[in-house]
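# Coordinates in review
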Amino acid sequence: MAIELKKPSRRQLLVAGGLVGGGLLLGVAVSGPSRRGLADKLAAEGGERFVTTWLKISPDNIVTVYVPHSDMGQGPITALAMMAAEELEADWSLVRAEQAPAEKAFANEALGNRFLDGDAVPPMLKGVTAATWTKVAQFMNLQVTGGSMAVRYTGHHGMRVTGAAAKDMLVKAAAARWGVSPAQCTAALSMVRGPAGQTATYGELAADAADYSPSAAPKLKAKKDYTIVGTPRPRFDIPAKVDGSAMYGVDARPEGLLYAAVHLAPVFGSTVAAYDASEILTRRGVRQVVDFPGGVAVIADNYWRAKEAALALDVTFDTKGNEAISSETIFAAHDAALDAGKSDKDFETGNAPRAFEGASRVVEASYRVPYLAHACMEPMNCTIWIRDGKADVWLGVQDPLGARARIAEIAGLDFDNVTLHPMLLGGGFGRRIPIRAGFFDFPSEIDFAAIIAKEVAAPVKLIYTREDDIQHDAYRIASTSRLRAALDDNGFPVAWENRYVHKDEPGEAPHIPYAVANQSIRFVEIDNPVPRGPWRSVAHTQHTFFNESFVDELAHEAGQDPFEYRRAMLKDQPRHLAVLELAAEKAGWGRPLPAGRSRGIAIQQSFGSIVAEVAEISIVEPGEVKVHRVTAAVDCGEVIHPDTAAQQVESAIIYGLTAALFGEISIEGGAVAQTNFTDYEMLKLADTPAIDVHFIESGAPLGGLGEPGTPPISAAVANAVFSLTGQRIRQLPLKNHKLSPAAGQFARAAD
Amino acid sequence: MSITLRVNGTRHDLDIEPDMPLLWALRDEIGLTGTKFGCGVAACGACTVHVDGVAMRSCVTPVEAVDGAEITTIEGLAAVSGAAEGHLSALQQAWIEAQVPQCGYCQSGMLMAVSALIAENPQPTDEDIDAAITNVCRCGTYPRVRAAIRSVTAA
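Values in this document were obtained by computation on a predicted structure and should not be read as measured data. Within any chain, residue numbers begin from 1 and follow the written order of that chain's sequence. Written order decides the labels, with chains lettered from A and ligands numbered from 1. A pLDDT threshold of at least 70 governs which residues receive local features in this predicted model, and a stricter bar of 80 or more applies before side-chain atom pairs are shown or counted, although totals over entire chains, interfaces and linings include all residues.

Turning next to the overall build of chain B. On a plain count of helices and strands, chain B comes out with 6 helices and 5 strands. Along chain B, helices (α) and strands (β) appear in the sequence β-β-α-β-β-β-α-α-α-α-α when read from the amino end. Note on method: radius of gyration uses C-alpha positions; expected globular size equals 2.2 Å times residues raised to 0.38. Its C-alpha atoms give chain B a radius of gyration of 15 Å, within 12% of the compact-globule value 15 Å for 155 residues. The contact criterion used here is simple: two residues whose C-beta atoms, placed from the backbone, lie within 7 Å are in contact. Put simply, of all contacts in chain B between residues at least 6 apart along the chain, 59% involve residues at least 24 apart. By the criteria applied, helices consist of DSSP H or I runs no shorter than four residues and strands consist of E runs no shorter than two, each listed in order from the N terminus.

The subject of this paragraph is the overall build of chain A. Scanning chain A from terminus to terminus reveals 18 helices and 30 strands. Taking contacts inside chain A between residues at least 6 apart in sequence as the whole, the part at least 24 apart equals 75%.

Glancing now at the sheet that holds strand S19 (residues 390-395) of chain A. Residues and elements named next belong to chain A. Two strands are counted as paired when DSSP detects at least two bridges linking them. Strands sit in the order S13-S14-S11-S21-S18-S19-S20 across an open sheet of 7 strands; the sheet is mixed. Bordering the open sheet on either side are strand S13 (286-292) and strand S20 (418-422), each of which pairs with just one other strand. The average angle at which neighbouring strand axes cross in this sheet is 25 degrees, direction not considered. As judged from the 6 bridges shared by S13 and strand S14 (residues 295-300), these two strands associate in the antiparallel manner. Across the sheet, residue Val 286 finds its bridge partner in S14, namely Ala 300. Each axis is a line fitted through C-alpha atoms, and for a helix only the stretch in contact is used; angles between axes span 0 to 180 degrees, taken between their N-to-C directions. Of the strands in this sheet, strand S11 (258-264), S13, S14 and strand S21 (460-463) touch helix H7 (residues 303-312), which is tilted by about 20 degrees from S11. Of the strands in this sheet, S11, S13, S14, strand S18 (381-387) and S21 touch helix H11 (residues 445-455), which is tilted by about 30 degrees from S18.

Let's shift gears to the domain arrangement of chain B. All names here are of chain B. Along its sequence, chain B is carved into domain 1 (2-76) and domain 2 (83-152). Spacing between the C-alpha centres of domain 1 and domain 2 amounts to 20 Å. Taken together, the elements giving at least two residues each to the side of domain 1 that touches domain 2 come down to strand S3 (48-51) and strand S4 (54-57). Of the residues belonging to the side of domain 1 that touches domain 2, the class tally is 7 nonpolar, 7 polar and 1 charged. For each domain, the first and last residues come from an automatic or database assignment. Residue type decides the class: Asp, Glu, Lys and Arg count as charged, Ala, Val, Leu, Ile, Met, Phe, Trp, Tyr, Cys and Pro as nonpolar, and the leftover types, Gly among them, as polar.

Low-pLDDT stretches of the model should not have their predicted coordinates read in fine detail. Residues and elements named next belong to chain A. Per-residue pLDDT for chain A has a mean of 85; in total, 82% of the residues score no lower than 70. In this model residues 15-24 is a low-confidence stretch, pLDDT under 50, and it forms 45 contacts with partners more than four residues away in sequence or in other chains. pLDDT expresses, on a scale from 0 to 100, how confident the predictor is about each individual residue. Note that residues 27-52 has pLDDT below 50 and, in this model, 81 contacts with residues that lie over four places away or in other chains.

A word on helix H16 (residues 642-661) of chain A. Every α-helix carries 3.6 residues per turn, so stepping three or four residues along brings you back to the same face. Multiplying 1.5 Å by the residue count of a helix minus one yields the expected span of that helix. Taking 1.5 Å of rise per residue, 20 residues should cover 28 Å, and H16 of chain A covers 28 Å from first to last C-alpha, within 8% of that figure. Taking burial as the measure, the 20 residues of H16 of chain A include 18 buried ones, the bulk of the element. Note on burial: count the other C-beta atoms lying within 10 Å of the residue's C-beta; 20 or more is buried, 12 or fewer is exposed, in between is partly exposed, and C-beta positions come from the backbone.

Think of interface size as the accessible area that goes away when the parts come together; that is how it is often given. Contacts between the two partners involve 46 residues from chain A and, on the opposite side, 46 residues from chain B. Listed by contribution, the elements that provide at least two residues to the side of chain A that touches chain B are H7 and H16 of chain A. When residues in the side of chain A that touches chain B are grouped by element, the largest group, 6 residues, is from H16 of chain A. The class makeup of the residues in the side of chain A that touches chain B is 23 nonpolar, 13 polar and 10 charged.

Right, let's talk about the pairing of strand S30 (residues 690-696) of chain A for a bit. Residues and elements named next belong to chain A. The two faces of S30 differ: Ile 691, Val 693 and Phe 695 on one face are buried, but Ala 690, Asp 692, His 694 and Ile 696 on the other face are not. Across 7 bridges, the pairing between strand S27 (residues 624-635) and S30 is parallel. Looking at the pairing, Asp 635 lines up with Ile 696 of S30.

Let us now look at the pairing of strand S7 (residues 95-99) of chain A. All names here are of chain A. Because side chains alternate across S7, one face comprises the buried residues Val 95, Ala 97 and Gln 99, and the other comprises Arg 96 and Glu 98, none of which is buried. Two strands pair when backbone bridges link them, and strand S6 (residues 63-67) and S7 are joined in this way by 5 bridges, in the parallel orientation. Paired with Thr 64 across the strands is Arg 96, a residue of S7. Handedness of a crossover: with both strands directed away from the viewer, a clockwise path from the first strand across the helix to the second marks it as right-handed. Note on the crossover from S6 through helix H2 (residues 76-88) to S7: the handedness is right-handed.

A few words on unusual backbone geometry. Note: most residues except glycine have negative phi, and most peptide bonds are trans. Residue and element names in this part refer to chain A. That bond from Glu 505 to Pro 506 is cis: its omega, -10 degrees, falls within 30 degrees of zero. Relative to the elements of secondary structure, Pro 506 occurs in the loop between strand S23 (493-501) and strand S24 (518-524). Here the amide bond leading from Leu 732 into Pro 733 is cis, since omega sits at 5 degrees, within 30 degrees of zero. Note that Pro 733 resides in the loop between helix H17 (711-725) and helix H18 (741-750). Of note, the phi angle at Phe 429 is positive, near 60 degrees, even though the residue is not glycine.

Let us look at the environment of Val 54 of chain B. Residues and elements named next belong to chain B. The topology assignment puts Val 54 in strand S4. Residue classification places Val 54 among the exposed positions, given that 11 C-beta atoms sit within 10 Å. Val 54 sits 61 residues away from Ser 115 along the chain, and the two C-alpha atoms are 9.5 Å apart.

Right, let's get into the packing of helix H3 (residues 90-97) of chain B against helix H6 (residues 142-152) of chain B. Residues and elements named next belong to chain B. Packing of H3 against H6 leaves a shortest axis separation of 9 Å and a crossing angle of 130 degrees. Classified by the interaxial angle, the pair formed by H3 and H6 is oblique. Crossing handedness for the pair H3 and H6: right-handed. Residues Ala 90, Leu 91, Ala 94, Trp 95 and Glu 97 of H3 form the contact with H6, whose participating residues are Ala 148, Ser 151 and Val 152. Grouping the constituent residues of the contact of H3 with H6 by class yields 6 nonpolar, 1 polar and 1 charged. In this scheme, roughly parallel covers angles under 35 degrees and roughly antiparallel covers those over 145, while 65 to 115 is roughly perpendicular and the rest are oblique. Helix crossings fall into two classes, left-handed where the near helix is turned counterclockwise from the far one by less than a right angle and right-handed where it is turned clockwise.

Residues and elements named next belong to chain A. Leu 170, Ala 260, Ala 297, Val 298, Ile 384, Val 717 and Val 721 are the most contacted members of the largest nonpolar core, which totals 257 residues. Per-element accounting of this core gives the leading share, 11 residues, to H16. Linking buried Ala, Val, Leu, Ile, Met, Phe, Trp, Tyr and Cys residues through C-beta atoms within 7 Å yields a set, and such a set is a nonpolar core. The next biggest cluster of nonpolar side chains, apart from the first, holds 5 residues, and it includes Tyr 500, Val 501, Phe 523 and Val 524.

Attention shifts here to H3 of chain B. All names here are of chain B. By the burial criterion, the buried members of H3 are Leu 91, Gln 92, Ala 94 and Trp 95. Buried residues in H3, looked at end-on, bunch into an arc of 155 degrees, giving them a common side. Tucked into the core, H3 has its buried residues touching helix H2 (74-80), helix H4 (107-120) and H6. Just past H3, the residue Gln 99 takes up positive phi, approximately 50 degrees. The directions considered for the arc are those from the helix axis to the C-beta atoms.

Here's what the structure looks like:
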C-alpha cells in the first residue's frame, strides 16, 4: 500500500498522511512517521482507514479503537476506548474496541515510560531501524500491561489527545466541504453539523480529513462536558465470557495441533541428568519427548495423554545441592544478613541514629512474609508453530511484543518472522510477563514452549498442570523487615528505622507517608535460586503489611486510636488525610460494633492512587479470622469508568485478602511444598466480605486501579485482629496463627 | 474403546480410553473449549458441566462414567435453558447486566454451577449459595456473582 506522507513537525506527537487514492491516517510519531503506515497495513482492511494509530473509522461510520494493552479482566480496552470516544465526540453505540496486534506500530513504550511530555521521541528511539527493534523491544518492554498504567498513561496521553485531534480534522474537512469556517461546525455523536443544517458522518468525512495536519496539542474537553467518561458503559469483552466463546491462550486450536506436558525438576536450579522414555513412547498418542535443562516434555495428540505420560516419565535430576534449601534456611539467611549489619541505602533523612540515642521510648518489631504464587485461573500455556523459518504464537500475555522478542531469540528466528496472535488472559497479576526487567530472570513456560516447538513438526501447545503452575511460578518474594521507632513524649515517632530483605519494585514501596523527621530505610540482598517476579502491586504487598502494622503498634504504644494517630501524622498530606478520613467515616470508625467484632485500618499510596481500607472482623472456631466487611476509600485522581473502577478495587482486596488469610508458598528440600488449590488455598464466595468502595476525585493526575487496592488489606485485617485479640500478627498468613478473642479481652483489661 | 458422549444434544462416538477425563474429551477430542481446565483435581470448578442436569467437575469425571448421559457445556447452556436460537439464558443475561466477569476464565464453570443450583433450588438462601458455589475466581468476582444470582432469585 503506497503512502503519501505529510511532514510532521519535529515536535509533533501526531502525524497525518493520506493513502494514495484518498483517505486519512493519523499516528503517534514515536519512532517516526513510518509507524503510521505500518499500522495501516497491519490493521486496516476493506476500505477502512486509520484516523490514528489507535483509531480507525470505517465507511459505515464505525470507530474502532485499538488498545495496546492486554485485558486480564481489568477492563482497559473499554476504559481506553471511552477516553478516545469522549474527545472524538463519537456515538458510543458506533464504537468498537479490541486489543492491538502484537506489532511495534502499536507499542506503548513511550507512554509507559512517560516520554510523551515535551519532545515526543525518546533519545534512544531516534534513528532506530527495523533491524534493531528486537533489541529495543527487549529493553523497553513494549506493550507491557502492568504497573496499573493503562488508563493513566496510554489513556490520558494517548487516547484523549488522538481522539481530540481526529475530531478537529473531521470538523475541518466538513467545513471545507460546506464552504464555512470550522468554528461554525459542531461535532457530536459521530457526525459533524454545519450552520445551515448540513450533516456528514465521520465515515463520510474520513477521506477528506486526510488533507489536514493534526494538532499536536488539541483542545481537550472540560470534565463537566463529559458524556461517556465517568459513566458505567458495559464492557466489550463480557458477552463472550458468558457463552464459552471467549478464546484464551489455552483454547488455541491450530490445525494439526499437538499437546505438550512437562515433567519439571521440582528442585529449583536442577538440570536433567538422565531419563528413560522407552515405556511412555509406546503409549497411545505419545509422539515424542523433548528435553531441556529444567525438565522433559512429552508430546502427544491429546493433553491428558501427554500429562499422564509426563507424570509417569522416569527422570533423574542433578539438584546442584539445592535440596538443602528450605524456608527455614532462607529466613535464617535473612536474619544472618540483617544481623551482619551491612546494608544498602534505600531512603534516609535527618539523623536517625542520633534520634534513637536520645529517645526515651523505642519500639521494635520484626516482620516476615512468605513467598506467594499468582495462581492465575488459566494455567500457564503457550502454543507455537515453527515452520519454514517462521513461527506463529498463540499466547495470552501481559507483554506481547516482549514475548515475541523472547521467542524469536530462543527459536533463533528473526523478530519479523514471529507472528504473535494475542489471546485473552485467564488472569495475569504479574505472572504473565515474560521479560522481567529488574527481577530475577528465570526460564519460563514461554522459553520451554519455544525450545519444544523447534523440535516438533506441528503446532504444539504446552500447558502447565496446576501443580507445575504452583511449583514453578515467579514468586512474590519472601521478605523480612526489622522496624524500629523512637517515640517522643506524645507518643509520635521522631525516628523510623527499617532494615529489610530485597529491594524490589517500585522503589518507593518501603517509604512511609508520615511526618517522621529522622528516617533510615536500608536493605540487604540475599541470593537464592527461588524465582521471583512481580505480583499484584509488587513490593507494596509486603511493605504495606510491615509498615502499616508497625504504625499500628506505635499507636497502641502511644495509647492512641490507630485512626487518630495516623490522622495526626498525615496532617500535611491532604490527599492521604482525605482518603483516611473517608474510609473511617464510611466504615463507622469509632462506632460500637456487635460483641466479638473489631476494626483495623491501613493506608498506602501506590501506582499514583491512595487507598485506605477498614476491615471488620471476628474470630470463628477454631481460632480463625472471619472478615465481614471491608470499606475502601480511593483517590485515583479521576474515575474514568465507575463500574470497573469499583470492581478493580474489590478484586484487588479479594486477591490481597486471600494472601493475608491463606497465602504461603513454603520451600522444602529445595522445592515448593504446595501443589494445588487443595494446599494453596483460595478465598471463595462463602468467605468473601461485603466490600464498599468510595472514590475521591481529587483532580490529581490519574492513578492506577488494578493494583492499589491490594496493599492495605493485610495490615487492615491484622490490625483488626490485634484490636480484638491483643495478638499482634507479625508473620503472614493468618491461618498459621491460633487466635482467641478471649486473649484480647485480657489484653484490653491489662491496658 | 468406543465411548458415546451426548453433548449439547449432539452425539459423539469417540474411540478413546475409558478413563480419559470428560474435560479432555470435550476440549481436545470434540473441540468445545468453553469448558476450562483449572486444577485437574476438582478443587476449583472451572471445568463444571451438567451431566443429566447435575453439576459435575469434568476434570475428574472419566468418560466411561458418563457414557450415554446427557452432557451440557457452557456452549449449550442457553439452549438447554430454553432460550431461543442465538439468545442467552436468563442467567447469562443476568451475568451481563451485573458485568460479572473480569478475566472471565472461571465464569463458564461458575455459570454451570449456578444454573444447576437454581434448577434444583430456585430460591436458594445465602447459605445454600455458599455451600453450592465453591468455584474459585482469582479476580474476585464473588460479590457480583452473588448479586447476579440474586437478580434472578428472591433474596
